[in-house]
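Results of the structural survey
Okay, here's what each chain looks like letter by letter:
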Amino acid sequence: MYFETLAIHAGQPPDPAYGAVMTPIYQTSTYAQKKMGEAIYDYARTANPTRTALQECIAALEGGRHGLAFASGMAAIDCVLRLLRPGDHVLASNDVYGGTYRIFKRVYEVYGVSSSFVEMSDLDAVRAALRPNTRMVWIETPTNPLLKVADIAAIADLLAVADGIRPLLVVDNTFASPYLQRPLALGADIVVHSATKYLGGHSDVVNGLIVLNDDEAHARLKFLQNAVGAVPGPLDCFLVLRGIKTLPVRMERHSANALKIAAWLESHPRVERVLYPGLPSHPQHEIARRQMCAFGGMISFIVKGGPEEARRIAERTGVFALAESLGGVESLIEVPAAMTHMSVANSPLQVSPSLIRLSVGIEHVDDLIADLAQAMA
Ligand code: P1T
């Protein structure tokens, strides 16, 4: 079936108990067993029907065999990193969400898992940065907040022919969503999401997801999901399921609005540089065109006048709310260096304090442009 149909139906047949068309919120911690051990579900951390529906739905949308749901995007990332052992190395994009950098450096390095960062759009640099103990290559594309694009298929090919044990290729697909980009089909092994963003889509839930094909890795991750226990509640799973139903129409509007706003910003006299994969001026525009079916709702731009000016603009918008996070129907504005990316301050991943990030919502684009125009006047 087509993506739009799967978004509404995958993993969600009418409920077997009463025929409810919308997957019920199974708000129960435990399940009565007919005889000891004889039950489809026994305890809600291990599994519950609302979570099962979400896991099956995201697996179908990413074109994978297995889906797993977590209490947050970071919990999903943490679970994937638990596949590593002391002495292993992760090679990651040199621009990632601040929390991702933080878990690499301040959580996993303590346990002997090292990490380094590379420009993923430079394949020679990626090849040169691989180490004999690199067991995982971690890509964000587009990246947060610089909107860099990596060629997933080219990196998968590169890893296939590199010497030594082939590292797992993990793609954080949060910025694109599976509607715009499906990394497994391009050769990735594991996809992770902060479903808090476009999948949930309404800024009302925190959630994380993993999708993969490999049965053995799935068995390990499923074991960890239960053993560690960073699971989402049934209501959270319901909210993400409901959000996903409109993902295709939302992503179309996010992308159309963002393309117009990016072009408008590019011609604004007080803007130094606009970072948006849909603009022909974007260094990896051609890769984005091949790999994505539209360019999403995230834009970053550098303003003339320095950090003070960036802060002033971010505090003056009215329709765009000054807030962290992204991917909801409502537009948000922030300054990453002072907000979402404080964890990368004084690191090689540090972002310019003059950079403003927009999460373009699905309001009328003319209202959004008018709001930015008055804030920048
Ligand atoms: O916030 P959480 O659901 O735990 O997801 C973490 C995460 C993972 N990956 C990417 C690419 C992300 O952008 C995030 C969260 N990002 C923000 C909160 C933000 O404003 O950038």
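Residues numbered from 1 in each chain as written. Predicted model: local features only at pLDDT ≥ 70, side-chain atom pairs only at ≥ 80, totals over all residues. Heavy atoms only, no water.

Notes on the overall build of the protein chain
Each helix and strand counted, the protein chain has 13 helices and twelve strands in total. Considered along the principal axes of its C-alpha atoms, the protein chain spans approximately 70 × 50 × 35 Å. By the burial criterion, 54% of the 377 residues in the protein chain qualify as buried. Of the contacts formed within the protein chain by residues at least 6 apart in sequence, a portion of 71% connects residues at least 24 apart. Surface exposure of the protein chain reaches about 15900 Å², of which carbon and sulfur atoms provide 55%. When the 33 positive and 38 negative side-chain charges of the protein chain are each reduced to one mean point, those points stand 3 Å apart. (Helix = DSSP H or I, 4+ residues; strand = E, 2+ residues; numbered from the N terminus. Buried < 20%, exposed > 50% of the residue type's maximum accessible area, 1.4 Å probe, protein only. Contact = heavy atoms within 4.5 Å. Areas by Shrake-Rupley, 256 points an atom, 1.4 Å probe, with all protein chains shown as cover. Lys, Arg positive; Asp, Glu negative; His and termini not counted. Charge placed at Lys NZ, Arg CZ, Asp CG, Glu CD.)

Quick notes on the site of the ligand
Close contacts around the ligand come from 18 residues, with Asp172, Ser194, Thr196, Ser325 and Arg357 the closest. Between a nitrogen atom of the ligand and a side-chain N or O atom of Asp172, the distance comes to 2.7 Å. If the ligand stood free it would expose 480 Å²; the protein chains cover 93% of that surface. For the shell around the ligand, a count of residues per class yields four nonpolar, nine polar and five charged. No fewer than three residues from each of domain 1 (3-244) and domain 2 (247-375) sit in the shell around the ligand. (Near = heavy atom within 4 Å. Polar contact = N/O pair within 3.5 Å; in protein donor to acceptor, adjacent residues only side chain to side chain. Nonpolar A, V, L, I, M, F, W, Y, C, P; charged D, E, K, R; others polar. Domains from an automatic or database assignment.)

Section: the environment of Ser359
Along the chain, the position of Ser359 falls in strand β12 (residues 355-359). By relative accessible area, which is 1% here, Ser359 ends up buried. Taking the C-alpha atoms as reference, Ser359 lies 5.9 Å from Gly297; in sequence the two are 62 residues apart. Not counting residues within four places of it along the chain, the set of residues in contact with Ser359 comprises Gly297, Met298, Phe320, Ser325, Leu326, Gly327, Gly328, Glu330, Ser331 and Leu332.

Regarding the pattern of salt bridges
What the rule picks out here adds up to twelve salt bridges. Its salt-bridge partner being Glu109, residue Lys105 comes within 2.9 Å of it at the nearest N-O pair. Note that Glu309 is salt-bridged to Arg312, the shortest N-O span being 3.1 Å. With Glu309 and Arg312 both in helix α12 (residues 306-316), this residue pair falls three residues apart, about one helical turn. (Salt bridge = Lys/Arg side-chain N within 4 Å of Asp/Glu carboxyl O.)

So, the domain arrangement of the protein chain
As far as domains go, the protein chain holds domain 1 (3-244) and domain 2 (247-375). Distance from the C-alpha centre of domain 1 to the C-alpha centre of domain 2: 25 Å. At the interface, 43 residues of domain 1 touch 41 residues of domain 2. Of all residues in domain 1, Tyr179, Leu180 and Tyr198 bury the most surface against domain 2, accounting for 23% of the area lost on that side. For the pair domain 1 and domain 2, the number of links is one salt bridge. At the surface where domain 1 touches domain 2, the tally comes to 21 residue pairs in polar contact (both at pLDDT 80 or more). Looking at the side of domain 1 that touches domain 2, the elements that each hand over two or more residues are α1 (3-9), α4 (98-108), α6 (152-161), α7 (177-180) and α9 (234-245). Top element by residues in the side of domain 1 that touches domain 2 is α7. It accounts for four residues. Of the residues belonging to the side of domain 1 that touches domain 2, the class tally is 23 nonpolar, 14 polar and six charged. (Buried area = accessible area lost by both parts, 1.4 Å probe.)

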